[in-house]
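# Structural features, examined
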Amino acid sequence: MWHVLQPEGWIAPKGYANGIEARGRQIYVAGMIGWNGQAQFESDDFVAQCAQALQNIVDTLACAKAGPQHMVRMTWYVKDKKEYLARGRELGQVYQQVMGRHYPVMTLVQVADLVEDRAQVEIEVTAVVPD
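Our subject in this report is the structure included herewith. From a predicted model like this one, the values you see are computed outputs, not experimental measurements. (Residues numbered from 1 in each chain as written. Predicted model: local features only at pLDDT ≥ 70, side-chain atom pairs only at ≥ 80, totals over all residues. Heavy atoms only, no water.)

## Overview of helix α1 (residues 46-62)
In this model, α1 (17 residues) spans 24 Å end to end at C-alpha, consistent with the 24 Å of a helix rising 1.5 Å per residue. Those residues of α1 that fall on the buried side of the exposure criterion are Phe 46, Val 47, Gln 49, Cys 50, Ala 53, Leu 54, Asn 56, Ile 57, Val 58 and Leu 61. Tucked into the core, α1 has its buried residues touching β3 (25-33), β4 (71-78), α2 (81-86), α3 (88-99) and β6 (121-129). One side-chain oxygen at the N-terminal end of α1 lies 3.2 Å from the backbone nitrogen of Val 47; it belongs to Asp 45. (Helix = DSSP H or I, 4+ residues; strand = E, 2+ residues; numbered from the N terminus. Expected span 1.5 Å × (residues − 1). Buried < 20%, exposed > 50% of the residue type's maximum accessible area, 1.4 Å probe, protein only. Contact = heavy atoms within 4.5 Å. Polar contact = N/O pair within 3.5 Å; in protein donor to acceptor, adjacent residues only side chain to side chain.)

Next up, the structure:
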């Protein structure tokens, strides 16, 4: 279905892929934030919001009979890069609990703000399901 692109001689990235080649049915998931299906925040904690946003992605992918294993790209928008870096171990554990050990191409961007004031993170995903 997909092939990880790793240039010869490059150090392998940790927690993401440098590139992915894929073929199949494409799924685009809008930016998901850390609120539940009723648009209510259950926590203001960064890692808890990341866990909820990731679960929201899994739930949305399931509507297309897809899962985390089909993700080829993730873009993370965070309000606080320093908190993201400081809580990396916790975040990695939460990521693996929700997404497993599948690491697509990822980009992280620190933003000045998000549309929802309480949101600490927004994550969007592209997935490809094989034909």
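## Section: the environment of Met 71
Counting through the fold element by element, Met 71 comes out in strand β4. The exposure class assigned to Met 71 is buried, which follows from its relative accessible area of 0%. With 49 residues separating them in the primary sequence, Met 71 and Ala 22 have C-alpha atoms 10.0 Å apart. The residues contacting Met 71, other than those within four sequence positions of it, are Ile 57, Leu 61, Tyr 95, Met 99, His 102, Pro 104, Val 125, Thr 126 and Ala 127.

Nothing here speaks to function; it is all geometry.
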